[in-house]
Amino acid sequence: MSEQFLPIVIIGAGFSGVLMAVELRKRNIPFVVIEKSEGIGGTWFENTYPGAGCDVLSTLYSYSFAQKPDWSRRFAPHSEIRAYLEECAERYDIRRHIRLGTEVVGARYVAEARRWDVALSNETEIKARAVVFAVGQLNRPSIPSFRGRERFSGVEFHSARWRHDHDLTGKRVAVVGSGASAIQFLPHVAREAKQVILFQRSPNWIIPKNDRLYHEREKRLRKHVPLLMRLQRAWEYLQLELSFPAFLKDSKKGRKWEEACKAAIASAIKDPVLQDAVTPDYPAGCKRVLLSDDWFPTLARDNVQVVTSSIAEFGPSGLLTDDGVSHPVDVVIYATGFETRQVLAPIPIEGARSLSLQDAWQPHPHAYLGVTVPDFPNAFIMYGPNTNLGHGSIVFMLECQARYIGQAIAKVQDAASRAVAPKRHVTQRFNADTQARLSRTVWGANCSSWYKGADGVIVNNWSSTMLRYWWKLRRFKARDYDQW
Ligand code: NAP
């Protein structure tokens with residue numbers, strides 16, 4: 001193929017990858033999508049644990065251009081979200097461009113030819129005009145290295161690799177971790193298992209989700225009066241957007257969340273020791289504020305025990321905590337989150353002058369607008385550093401990015417400027433501003449969370465409102481970029 005007409009390689013076929021593909025399709029730019037899993041959906045393909053679903057309203061956790069009037073409930077379950085993404089891939093004719101079951105094992109910029117060589121797991125290589133990393137931030141399960149883990153003779157798995165072949169009925173189950181995933185599956189497990197022991201390191205601020213099924217009437221109305229659907233979406237967007245100030249230090253709204261959580265605890269749990277154990281001691285918002293209608297009632301069940309002592313080690317038939325108590329179990333489920341500190345790892349990425357992205361991102365990941373990196377011409381990131389949200393829908397952010405990247409790629413297709421990378425001083429200014437704004441937020445408070453790097457710097461979250469992000473990305477500005 002002539003070097004001028006090389007395709008764009010999109011890595012990942014989740015929410016970001018499918019969206020980017022739609023954008024390039026619209027612009028008539030050739031592309032190929034490489035996906036390591038055997039199906040479309042990214043995190044929604046991988047996370048199949050019971051109760052998996054989104055804690056962002058489905059009207060917002062969906063593409064603005066592909067609104068779905070008939071979501072079954074306010075917060076859709078994972079199977080429905082996955083089906084939605086598959087439907088979008090069909091509808092926008094993306095599917096035939098996706099190579100499933102293929103992993104990108106390396107990407108190298110070839111400066112002389114202004115192209116990317118993308119190495120695949122099947123030992124082939126694709127030469128690309130540009131590369132879009134749409135790999136998400138939450139796809140590499142993290143399991144802590146507990147002492148003696150290899151001695152455990154029961155079944156163990158991570159929540160993102162659920163073992164559906166293991167019936168939990170009548171089993172004694174340990175759940176390690178009490179974050180966003182645990183609060184969704186544990187209530188289901190507790191209904192089947194003989195006993196569930198939750199090993200909780202720190203409790204979360206959890207407020208009522210108020211989930212419910214949509215009435216058929218509502219679905220029909222949204223289908224036949226699309227304007228209503230758009231109004232509903234706009235109203236829900238506004239409400240989320242207005243909640244951003246809650247993430248500023250000492251906010252009133254943050255205290256309201258704390259009160260709502262404490263009220264939910266008091267109404268579901270009568271035991272004061274347990275009430276105390278599940279009440280956080282850090283400000284609401286520092287970790288992701290979680291939504292659930294059944295978490296606290298589940299913890300109050302007779303067959304559920306909350307253990308707050310640290311896990312000291314594993315033995316053949318269970319876990320031992322550092323207070324000397326042993327906890328015999330048949331199954332251990334890790335709800336211990338994902339490797340998030342090395343964004344884009346483990347793909348080795350080499351930019352201009354043989355600079356590796358890992359080196360460029362010392363001491364921590366950063367990117368201009370969360371999308372582009374100096375010395376990495378024609379490389380674009382979706383859901384990159386500092387683009388995660390505490391208060392809104394990531395799909396909104398992804399749409400801003402896809403549009404922006406689409407504009408940039410359209411420019412590099414033009415013979416005059418074949419490769420672009422952001423100017424160093426522009427990137428530095430952007431990051432300094434982002435970190436200055438982040439220093440006013442509650443995310444830096446005294447809690448552990450995947451929003452922060454090892455040095456405490458907030459590397460995952462966006463610093464402001466969704467609207468501000470949209471404003472910054474509304475137009476690709478060539479003057480912010482070096483031409484290569
Ligand atoms: P997570 O929120 O990071 O929670 C991990 C849990 O594991 C925490 O309770 C953590 O305790 C605990 N943990 C980690 N290392 C441990 C150790 N060595 N010993 C004991 N406990 C340990 O992970 P997640 O629940 O998988 O969720 C990750 C992210 O995925 C969420 O923040 C969210 O963005 C996304 N998610 C979203 C949805 C949704 O509905 N949209 C659903 C699921 C997940 P500490 O709190 O003390 O660190």
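The written sequence of each chain sets the order in which its residues are numbered from 1. This being a predicted model, a pLDDT of at least 70 is required before a residue's local features are given, and a value of 80 or more before pairs of side-chain atoms are given or counted; all residues contribute to the totals for chains, interfaces and linings. Based on all heavy atoms of the structure, the side-chain values leave hydrogens and waters out of the count.

1. Overview of a nonpolar patch on the surface
We apply this condition: Only residues above 30% relative accessible area that lack a salt bridge enter a patch, with like-charged residues linked at up to 9 Å and the nonpolar side chains Val, Leu, Ile, Met, Phe, Trp and Tyr linked at up to 5 Å. The Shrake-Rupley method, run with a 1.4 Å probe sphere, supplies the accessible areas, and residue values consider only the shown protein chains as cover. The term salt bridge refers to a side-chain nitrogen of Lys or Arg lying within 4 Å of a carboxyl oxygen of Asp or Glu. Segments assigned H or I by DSSP are reported as helices when at least four residues long, segments assigned E as strands when at least two residues long, and all are numbered from the N terminus.
A contiguous nonpolar patch, built from L221, V225, L227, L228 and L231 and spanning about 430 Å² of accessible area, is present on the exposed surface. Looking at the nonpolar patch, the element that brings in the most residues is helix α6 (residues 226-242), giving three residues. Mapped onto the elements of the fold, L231 is located in helix α6.

2. Things to note about the sheet that holds strand β13 (residues 304-307)
Using the following cut-off: Strands were regarded as paired on the criterion that DSSP finds at least two bridges between them. Angular values range over 0 to 180 degrees, each being the angle between N-to-C directions of two axes fitted as lines to C-alpha atoms, with helices fitted over their stretch in contact.
As summarised here, the arrangement of the five strands in space is β8-β17-β9-β10-β13, forming an open sheet in which the pairing is parallel. Each edge of the open sheet is held by one strand with a lone partner, namely β8 (155-158) and β13. The mean inter-strand angle of the sheet, taken between neighbouring strand axes irrespective of direction, is 15 degrees. Sheet analysis places β8 next to strand β17 (residues 331-334), joined by four bridges and oriented parallel. Along β17, the bridge assignment pairs H158 with Y334.

3. Points about the packing of aromatic side chains
Where two aromatic rings form a pair, the distance of their centres and the angle of their planes describe that pair. We apply this condition: Within 6.5 Å between ring centres, the rings of Phe, Tyr and Trp (the latter by its six-membered ring) count as paired, and their orientation is classed by plane angle as stacked under 30 degrees, edge-to-face over 60, tilted in between.
This model, assessed by the stated rule, comprises 28 aromatic pairs. For the ring pair F146 and F314, a centre distance of 5.5 Å and an interplane angle of 25 degrees mean the geometry is stacked. Of this pair, F146 sits in the loop between β7 (130-133) and β8 while F314 sits in strand β14 (residues 311-315), placing them 168 residues apart in sequence. For the pair F314 and Y334, a centre-to-centre distance of 6.5 Å together with 20 degrees between the ring planes defines the contact as stacked.

4. Describing the pairing of strand β15 (residues 318-321)
Pairing between β14 and β15: four bridges, direction antiparallel. Its bridge partner lying in β15, E313 is registered against L320. Here β14 hands over to β15 after two residues, the two strands then running antiparallel side by side. Strand direction decides the pairing type here: β15 and strand β16 (residues 326-328), joined by three bridges, are antiparallel. Looking at β16, one finds that G318 is bridged to P328. In this antiparallel pair of consecutive strands, β15 and β16, the connection spans four residues, and G324 shows a positive phi of 85 degrees.

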